[in-house]
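# Structure assessment
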Amino acid sequence: MPVLPGAEPYRHEGGDVGVLLCHGFTGSPRSMRPWGEYLAEHGLTVSVPLLPGHGTRWQDMQVTGGEDWYAEVDRELRALRARCARVFVFGMSMGGALTLRLAARHGDAVSGIVLVNPANKVHGVAAHALPVVRHLVPTTSGLANDIAKPGQDEVAYDRVPLHAAYELRRFLRQVDGELPQVTQPLLLLRSPQDHVVPPADSARILGRVSSADVTEILLEQSYHVATLDHDAERIFEESLAFVGRLAPGAGGTAVPGGTRGGSTTGG
């Protein structure tokens, strides 16, 4: 199937510091593209892959699962490692879970991670019914475009394939068990008004990782897809400053001023 317009993967060859950006469940690189372009403009090497089963039609997701999605970002990380001296991984929603698994499994090969509204669990009574319901009903209504800013489109499916939702549930459980293996510096940005992922997911992640260098920032003006929302510029600037602090001089990353104002806690 052809890739939907706007859902194409994005790559940019920059300096010797690379960033891998992981999009969310049923979404596409469109949600990460402005972020990736911002980092590219500041001299970084950037990769925003399209996850298997995404960016075409929801039926294509029915035959994919967590290991397929992880294999794609794992392959991209290895390619960046071969090209760059330092590599960071950023992820939103399910992309945050993929980021955490990469950090847990690759250790020092990942210099730091940035999470935006990361997912840790499939919530609700319906989640417990997925093992059975997925064989009876193919899809349910979608989760796309939870964005406060008008006129934005993340190019995501308007249906959730239930086989894939079941696979997501299994994958998130596996990642939760690996969280204590995450030791890298971590920047987590979350939206209090997120209608897709509850704040409990971020709290769970922060409570289980072993990272000593942790910063949490609240995105007061955005919903779930904050990378396309009112706080997008802050996400971009904070993440660039994070990279600049850990890899000084990388692509001119000293330009932004780091965490400023708003609701911020550090650990």
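What counts and what doesn't
- Throughout, residues of each chain are indexed from 1 in the direction in which the sequence is written.
- Restriction of local features to residues with pLDDT of at least 70 applies here, the model being predicted, together with a cutoff of 80 or more for giving and counting side-chain atom pairs; totals for whole chains, interfaces and linings are based on all residues.
- For side-chain calculations, the full set of non-hydrogen atoms in the structure is used, while hydrogens and water are omitted.
- Helix and strand definitions follow DSSP, with helices as H or I runs of at least four residues and strands as E runs of at least two, each counted in order from the N terminus.
- Values of the radius of gyration come from C-alpha atoms, whereas the globule rule sets the reference at 2.2 Å times the count of residues to the power 0.38.
- For the exposure calls, accessible area comes from a 1.4 Å probe over protein chains only, and a residue counts as buried if that area is under 20% of its type's maximum, exposed if over 50%, partly exposed in between.
- Any two residues having at least one pair of non-hydrogen atoms within 4.5 Å are treated as being in contact.
- In these tables, accessible area is a Shrake-Rupley quantity obtained with a 1.4 Å probe, and a residue counts as shielded only by the protein chains included in the view.
- Under this rule, positive means Lys or Arg and negative means Asp or Glu; His and the chain ends count for nothing.
- Charge coordinates come from a single atom per side chain, which is NZ of Lys, CZ of Arg, CG of Asp or CD of Glu.
- We count a salt bridge whenever a side-chain nitrogen from Lys or Arg sits within 4 Å of a carboxyl oxygen from Asp or Glu.
- The rule is short: rings of Phe, Tyr and Trp, with Trp giving its six-membered ring, pair when the centres are within 6.5 Å, and they are stacked under 30 degrees, edge-to-face over 60, tilted in between.
- One fewer than the residue count of a helix, multiplied by 1.5 Å, yields its expected span.
- Interaxial angle, 0 to 180 degrees, is taken between N-to-C directions of lines fitted to C-alpha atoms, where a helix line uses only the stretch in contact.
- With respect to orientation, any angle under 35 degrees is reported as roughly parallel, any angle over 145 as roughly antiparallel, any angle of 65 to 115 as roughly perpendicular, and every other angle as oblique.
- By the definition used in this description, the sense in which the near helix is turned from the far one sets the handedness, with an anticlockwise turn below a right angle giving left-handed and a clockwise turn giving right-handed.
- Disulfide: a pair of cysteine sulfur atoms within 2.5 Å of each other.
- Put simply, Ala, Val, Leu, Ile, Met, Phe, Trp, Tyr, Cys and Pro go in the nonpolar bin, Asp, Glu, Lys and Arg in the charged bin, and everything else, Gly too, in the polar bin.
- The set of buried Ala, Val, Leu, Ile, Met, Phe, Trp, Tyr and Cys residues whose side-chain atoms join them within 4.5 Å is what this entry labels a nonpolar core.
- Each residue carries a pLDDT score, the predictor's confidence in it, ranging from 0 to 100.

## So, the overall build of the protein
Scanning the protein for helices and strands turns up seven helices and 10 strands. For 267 residues, the compact-globule estimate of 2.2 N^0.38 gives 18 Å, and the protein sits close to it at 17 Å. Expressed along its principal axes, the backbone C-alpha trace of the protein runs to roughly 55 × 40 × 40 Å. Every one of the 267 residues in the protein was classed for burial, and the buried ones make up 56%. Put simply, of all contacts in the protein between residues at least 6 apart along the chain, 78% involve residues at least 24 apart. Here the protein displays about 10600 Å² of accessible surface, and carbon together with sulfur accounts for 52% of that area. Of the charged side chains in the protein, 24 are positive and 29 negative, and the gap between their average positions amounts to 6 Å.

## Some details on the pattern of salt bridges
Counting across every chain of the model gives 15 salt bridges. Where Arg33 meets Glu37, a salt bridge forms, and the shortest distance between an N and an O atom there is 2.8 Å. Of this pair, Arg33 and Glu37 both sit in helix α1 (residues 33–41), separated by four residues, roughly a single helical turn. Arg78 serves as the salt-bridge partner of Asp74, at 2.8 Å between the closest nitrogen and oxygen.

## Describing the packing of aromatic side chains
As enumerated under the stated definition, the model contains five aromatic pairs in all. On the basis of an interplanar angle of 25° and a centroid distance of 5.0 Å, the ring pair of Trp35 and Phe90 is categorised as stacked. In this pair, Trp35 sits in helix α1 while Phe90 sits in strand β4 (residues 86–92), placing the two residues 55 residues apart along the sequence. Phe90 matches Trp35 in its accessibility class, with the two residues each being buried. One aromatic cluster is present, formed by Trp35, Tyr38, Phe90 and Phe236 through successive ring pairs.

## A few points about helix α3 (residues 94–106)
Its 13 residues place the ends of α3 18 Å apart at the C-alpha level, agreeing with the 18 Å of an ideal helix rising 1.5 Å per residue. Along α3, 12 of the 13 residues are buried, which leaves the element largely enclosed by surrounding structure. Of the surrounding elements, those touching the buried residues of α3 are β2 (17–22), α2 (66–83), β4, β5 (112–116), α5 (162–178) and α6 (199–208). Of the residues flanking the end of α3, it is Gly107, one or two places downstream, whose phi is positive at about 55°.

## Digging into the packing of α2 against α3
Direction vectors running N to C along α2 and α3 enclose 60°, while the axes themselves pass 10 Å from each other. Judged by the inter-axis angle, α2 sits oblique to α3. For the pair α2 and α3, the sense of crossing is right-handed. Only Met94, Leu98, Arg101, Leu102, Arg105 and His106 of α3 make contact with α2, whose side of the interface consists of Glu67, Trp69, Tyr70, Val73, Asp74, Leu77 and Arg78.

## Overview of the state of the cysteines
For the structure on display, the rule yields zero disulfides. No disulfide involves Cys22; its sulfur sits 15 Å from that of Cys84, the nearest cysteine. The buried category is assigned to Cys22, whose relative accessible area is 0%.

## Examining α5
For α5, spanning 17 residues, the distance from its first C-alpha to its last is 25 Å, which sits close to the expected 24 Å at 1.5 Å a residue. By the burial criterion, the buried members of α5 are Leu162, Ala164, Ala165, Tyr166, Leu168, Arg169, Phe171, Leu172, Val175, Asp176 and Glu178.

## Here we look at the packing of α2 against α5
Where α2 contacts α5, the axes come no closer than 8 Å and their chain directions differ by 65°. Contact with α2, carried on its side by Gly66, Glu67, Trp69 and Tyr70, involves Ala164, Glu167, Leu168, Phe171 and Gln174 of α5 and no other residues of that element. Within the contact of α2 with α5, the residues separate by chemical class into five nonpolar, two polar and two charged.

## Some thoughts on the nonpolar core
Within the largest apolar cluster, 43 residues are counted, with the highest numbers of intra-cluster contacts made by Phe25, Trp69, Leu98 and Leu100. Per element, the largest residue contribution to this core is eight residues, and it comes from α5. Once residues within four sequence positions are removed from consideration, Phe25 is found in contact with His54, Met61, Trp69, Met94, Val160, Ala164, Ala165 and Leu168. Among the nonpolar cores identified, the runner-up in size contains 34 residues, and Phe88, Val114, Val225 and Ala247 belong to it.

## Structural notes on the confidence of the model for the protein
Do not read the fine detail of predicted coordinates wherever pLDDT is low. Here the protein averages 91 in pLDDT, while 91% of its residues score no lower than 70. In the predicted structure, residues 253–267 sits below a pLDDT of 50 and forms 37 contacts with residues beyond four places in sequence or in another chain.

## Some details on the side chain of Asp201
Along the chain, Asp201 falls in helix α6. Although Asp201 is buried, it forms no salt bridge, and the closest oppositely charged side chain is Lys121 at an N-O distance of 7.6 Å.

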